[in-house]
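# Survey of secondary and tertiary structure
Chain by chain, the residues run as shown.
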Amino acid sequence: GQSGVTTNSSAIIGAFYGATATGNLNIYNSGSLSTLGATSYGIYGLNNGLGDNVITNLGDITTLGQNSHGIYMIANGGDVSIVNTGNIVTSDAKGSYGASTSGNTLVQAENNITTGQTSTTTHVHGIEAGSREGKSDVYYDNGTVKVVGDARGTGNAIGIASYDLGSAQGTVEA
């Protein structure tokens, strides 16, 4: 095997890169995942086209590296749904992040989510959901969200963050 630290070495990636892509993106994981290195996500989903996007994670995720988010899903034209029941630990990144430009975003999570901050510029939210034109909902139950921030820089650490710029109807339940 190889030793050392690499960048961009995510455990699971699912993506539609083209803006004309159509179809749903579904990612399912039930095993434990770990990554090491900058921008090395546990689960990464991207849909630049149209279609709904679902990530279901039942396993534990550990990422060690700047911007190495546990679960990350971003979409331009469809809804985003993230369901997580595993523990997530990140050293310098968000635990679970979902966002859509024109659709709704839903993040459901339980168990423990722990984020740390080793750089002074990284945002290390435990759970974050956002939408520009739709609504954003977060439901969290049964565990602890722990974020550790570094007040010296421009990054920040928020336990649960939700924003929607279009509907003003988002929900956060924890």
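All values reported here derive from a predicted model rather than from experimental measurement.

## Looking at unusual backbone geometry
Although it is not a glycine, Asn67 sits at a positive phi angle of roughly 60°. Its place among the elements puts Asn67 in the loop between β6 (61-66) and β7 (71-75). Of note, Asn142 is a non-glycine position whose phi angle comes to about 65°, a positive value. Its location among the elements puts Asn142 in the loop between β14 (136-141) and β15 (145-147).

## Some thoughts on the sheet that holds strand β1 (residues 12-16)
Pairing within the open sheet is parallel, and its six strands lie in the order β1-β4-β7-β10-β13-β16. Each edge of the open sheet is held by one strand with a lone partner, namely β1 and β16 (160-164). Ignoring strand direction, the axes of neighbouring strands in this sheet form an average angle of 0°. The sheet contact formed by strand β13 (residues 127-131) and β16 spans five bridges and is parallel.

## Details of the packing of aromatic side chains
Within this structure, the stated rule accounts for four aromatic pairs. Between Tyr41 and Tyr72 the ring centres are 5.2 Å apart and the planes differ by 35°, which places this aromatic pair in the tilted class. With Tyr41 in the loop between β3 (33-36) and β4 (43-47) and Tyr72 in strand β7, the pair connects residues that are 31 residues apart, well separated along the chain. With respect to burial, Tyr41 and Tyr72 carry one shared label: buried. Here the aromatic rings of Tyr44 and Tyr72 are separated by 5.5 Å at their centres, their planes lie at 0°, and the arrangement is stacked. In this pair, Tyr44 is assigned in strand β4 and Tyr72 in strand β7, connecting sequence segments 28 residues apart. Judged by relative accessible area, Tyr44 falls into the buried class, the value being 16%. Tyr72 gets classed as buried once you look at its relative accessible area, which sits at 16%. Pairwise contacts between aromatic rings join Tyr41, Tyr44, Tyr72 and Tyr97 into one cluster.

Conventions we followed
Residues numbered from 1 in each chain as written. Predicted model: local features only at pLDDT ≥ 70, side-chain atom pairs only at ≥ 80, totals over all residues. Heavy atoms only, no water. Helix = DSSP H or I, 4+ residues; strand = E, 2+ residues; numbered from the N terminus. Pairing = 2+ DSSP bridges. Axes fitted to C-alpha atoms, helices over the stretch in contact; angles between N-to-C directions. Phe/Tyr/Trp six-rings, centres within 6.5 Å; stacked < 30°, edge-to-face > 60°. Buried < 20%, exposed > 50% of the residue type's maximum accessible area, 1.4 Å probe, protein only.

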